[in-house]
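# Structure assessment
Here are the chains, one letter per residue:
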Protein chains: 2
Amino acid sequence: MYTKYNVMIQHANISEPIYLRLKEMILNGELKQGEKIVQEKIADMLGVSRTPLMKALLALENEYLVESIPRRGMYIRSWDKKEIIDIYICREAIEGMAARLLAQSKDENIIKQLRDCFSPFLNSKEINLDAYTEADEVFHSLLIKLTGNAPLDKIYFFGNIHEKVIGHGLIRPPEETLNEHFKIIKAIEKGDADAAEQFAREHIKKSRELLFDQ
Amino acid sequence: MYTKYNVMIQHANISEPIYLRLKEMILNGELKQGEKIVQEKIADMLGVSRTPLMKALLALENEYLVESIPRRGMYIRSWDKKEIIDIYICREAIEGMAARLLAQSKDENIIKQLRDCFSPFLNSKEINLDAYTEADEVFHSLLIKLTGNAPLDKIYFFGNIHEKVIGHGLIRPPEETLNEHFKIIKAIEKGDADAAEQFAREHIKKSRELLFDQ
DNA sequence: ACATTGTATTTTGTATACAAAATACAATGT
DNA sequence: ACATTGTATTTTGTATACAAAATACAATGT
């Protein structure tokens, strides 16, 4: 694996693990929204210098997790309800298009991979929530990746991050969403691009609306 | 302006002008696709050190203009036809959604701003190509910005860059696209979200298909 | 002639030094 | 008591030094 390779060679770029660690710290709340990142302090904490830390911070800035105010410093971004909703709207556009593209591709292997995400849950009476959350994440990532459209994946990645940060992995119960997932898959299987896009969008829209009403 | 401010204070972040200069060099071919960026060489050329250059390069990497191979260096990315088409597909998804959102907003001021882009060309017999190219760029940017959806703007920015890099500012003649632009605006004005999205998508799709057939 | 090894040179990744800007806070004035 | 000014401290932005990796290329062997 990539990471192992980095460990093997002594003088590899240390920015990647810093980046991952910082992301983790933002996700689990060790670094709070709005908090200022004092570079030397964090660098000392992680046992590195400011140079690779800066690299990691710039990567995080590009993912919208960190905000830079020139000459003032880097701050952990804070997200209000409006921004979360806006991200869901982006996902509607991107995942909708992805479903459309997949429907047009008519590739059996694609259908199989999508079905495989949720087949373990089809005949189980009690759905394991952790497993389903994981499957849900894989499904939505696959939807994008399987299009083979690299730029689409790149712009989706940004939104995906946010969803994880905000921390509502599952907004609605599996009983409700499992069926929606299969509606999307079946439309793709049939090659019905309009329906595939429509279902993919509605699926996200429902979660967004529920989030909004809270 | 922001830039002027940077010139006024002595010790401001020098990364921004480096970033802009490098982007310019990529756009106008001073730096060629696939070319390696030898950091010290470019830093000397621009009269700065490697530290702010690296910042600029990381920003460009996030815009997909530059590619980093760890321990090997930074390279100017090269784009094949597939990737250009993929970017157009992204634009279809994003601009389509933007048109939909604007149609739902029913804001007179929005309609006015969109109309203003092309009103100078309405009664002119001979359309100035440079002015129209500029107006076209403004219109497509406005379409996104006016939604007030910051994440949407952010992910669009990435695709927009590319279009400029690739350098086909205008793929089709104004006589053909002017009408399409107004079809989009009128659908937004009517509040017909479906039509607005549809027209916005078709507009981009036509350019994409023309590009593909070449 | 071509492949392989070993050495010199170049280039990257990281740490660090230093100047300028930002910030904290005490001293002073009203 | 509160605002304002001035000074000390902190922090950022940039340049630079240095080690390790990558690369170029000559020397050697087949």
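Our structure's up above, just so we're on the same page.
These remarks concern the structure in this document. Remember, predicted model here, so these are calculated numbers, not experimental data.

So, about the overall build of chain A. A count of helices and strands for chain A gives 10 helices and three strands. Put simply, chain A runs from its N terminus to its C terminus through helices and strands in the order α-α-β-α-α-β-β-α-α-α-α-α-α. Looking at the 214 residues of chain A, the share that counts as buried comes to 48%. Long-range pairs, those at least 24 residues apart, make up 70% of the contacts in chain A with a sequence separation of at least 6.

This part takes up the environment of Asn13 of chain B. When you line up the elements, Asn13 of chain B lands in the loop between helix H1 (2-8) and helix H2 (15-27). It is 46 Å that separates the C-alpha atoms of Asn13 of chain B and Asn123 of chain B, two residues lying 110 residues apart in sequence.

Further remarks concern the nonpolar core. Counting 52 residues, the largest nonpolar core has Leu22 of chain A together with Leu22 of chain B as its most contacted members. Apart from residues lying up to four places away in sequence, Leu22 of chain A is in contact with Leu31, Ile42, Leu46, Leu53, Ala56, Leu57 and Leu60 of chain A. Judged by nonpolar contacts, the second largest core, of 28 residues, contains Ile89 of chain A together with Ile89, Ala93 and Leu101 of chain B.

By volume, the second largest pocket is sized at about 670 Å³. What lines the second largest pocket is a set of 26 residues, and nearest its centre among them are Arg100, Glu197 and Arg201 of chain A together with Glu197 and Arg201 of chain B. Mapped by element, the contributors of at least two residues to the lining of the second largest pocket are helix H5 (81-105) and helix H10 (193-213) of chain A together with helix H5 (81-105) and helix H10 (193-213) of chain B. Of the residues assigned to the lining of the second largest pocket, the class counts are six nonpolar, four polar and 16 charged.

Another point: the relation of the copies chain B and chain A. Taken as rigid bodies, chain B and chain A are interconverted by a rotation of 180 degrees and an axial shift of 0.1 Å, the fit giving an RMSD of 0.1 Å. Within this description, the copies of the chain are treated as partners about a two-fold rotation axis. A shared binding surface is used by both copies, with 100% of the interface residues of chain B retained as interface residues in chain A.

So, how was this worked out
Residues numbered from 1 in each chain as written. Chains lettered and ligands numbered in written order. Predicted model: local features only at pLDDT ≥ 70, side-chain atom pairs only at ≥ 80, totals over all residues. Heavy atoms only, no water. Helix = DSSP H or I, 4+ residues; strand = E, 2+ residues; numbered from the N terminus. Buried < 20%, exposed > 50% of the residue type's maximum accessible area, 1.4 Å probe, protein only. Contact = heavy atoms within 4.5 Å. Core = buried A, V, L, I, M, F, W, Y, C linked by side-chain atoms within 4.5 Å. 1 Å grid on protein atoms, 1.4 Å probe; cavity = no way out; pocket = protein on both sides within 12 Å on 5 of 7 lines; lining within 4 Å. Points joined across faces, edges and corners; volume = space filled by probe spheres on them. Nonpolar A, V, L, I, M, F, W, Y, C, P; charged D, E, K, R; others polar. Least-squares fit on C-alpha atoms with pLDDT ≥ 70 in both.

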